[in-house]
Amino acid sequence: MRFRDKDTLFAFYKEHARLRGFSVIKRNSNKKRGDTVGYITYCCDRTRIRKIKFTTKSNNCKARLAAILDDSGCWRVSKVVHDHNHDLLPSVSRLMAGHRPICDSLKRDLVAHDRSGIRPSKNIRFAKVQRGGPQNLGCTPKDCRNYILKSRNFEMQEGDAQSLLTFFMKSR
């Protein structure tokens, strides 16, 4: 198979993984010819070997997809390994971390409600009602809380710009 760009390739493999019941990570890539990536490998998220003894997630799964950038600028799939050494769970794949991104409209709603002073728990409840239930949310309530907290950390507060300017003036 051939793909125009690596984003299209990743989206294809990620959708395949969601339907089969596993999640995908980028394992490695190699830059050649300057800043151009020459090959890339996407793997099952359970391919990592964990150093913690008591974990249930990783088990050195060998499933992967490797692709090479050919001379025409297209990504050609060079190797596919379908052998998973764990159970595939298509019924709960929507709850796996790689398959539950927060959509842009939900992000806007969460930030707008947070700025208006609505607590995160009420904010998430509003989002569930607007989308017709938690199954249509596309992410977990914890993902929403984390996004709200992250957006708060990146907002400029009163006096932040002046403090930064003063810091730079002193460091000259």
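Our subject is the structure that appears above.
Rules used in this analysis
Residues numbered from 1 in each chain as written. Predicted model: local features only at pLDDT ≥ 70, side-chain atom pairs only at ≥ 80, totals over all residues. Heavy atoms only, no water. Phe/Tyr/Trp six-rings, centres within 6.5 Å; stacked < 30°, edge-to-face > 60°. Buried < 20%, exposed > 50% of the residue type's maximum accessible area, 1.4 Å probe, protein only. Core = buried A, V, L, I, M, F, W, Y, C linked by side-chain atoms within 4.5 Å. Helix = DSSP H or I, 4+ residues; strand = E, 2+ residues; numbered from the N terminus. Salt bridge = Lys/Arg side-chain N within 4 Å of Asp/Glu carboxyl O.

Taken as a whole, this structure holds four aromatic pairs when the rule is applied. Centroid distance tyrosine 13 to phenylalanine 22: 6.2 Å. Interplanar angle 65°. Geometry classified as edge-to-face. Taking the relative accessible area as the measure of exposure, tyrosine 13 reaches 4% and is therefore buried. When its relative accessible area of 3% is taken as the criterion, phenylalanine 22 is described as buried.

This paragraph deals with the nonpolar core. One recurring pattern in soluble globular proteins is that nonpolar side chains are buried together. Judged by nonpolar contacts, the single largest core of 17 residues is most densely connected at Leu9, Tyr42 and Trp75. Those elements that place two or more of their residues in this core are helix H1 (6-20), strand E3 (36-44), strand E4 (64-69) and strand E5 (75-81). Judged by nonpolar contacts, the second largest core, of nine residues, contains Leu106, Leu110, Cys139 and Ile148.

Once their charged atoms are close, side chains differing in charge can pair, the charge on each being opposite to the other. The final tally for this structure, using the stated rule, is five salt bridges. The partner of glutamate 15 in a salt bridge is arginine 18, and the shortest N-O contact between them spans 2.6 Å. Of the two residues, glutamate 15 and arginine 18 both sit in helix H1, three residues apart, roughly one turn of that helix. Given a relative accessible area of 31%, arginine 18 falls into the partly exposed group. In this structure, aspartate 114 engages arginine 152 in a salt bridge whose closest nitrogen and oxygen atoms are separated by 2.7 Å. Of the two residues, aspartate 114 is situated in helix H2 (residues 104-115) and arginine 152 in helix H4 (residues 141-154); the sequence distance between them amounts to 38 residues. Relative accessible area serves as the criterion here: at 35%, arginine 152 is assigned to the partly exposed category.

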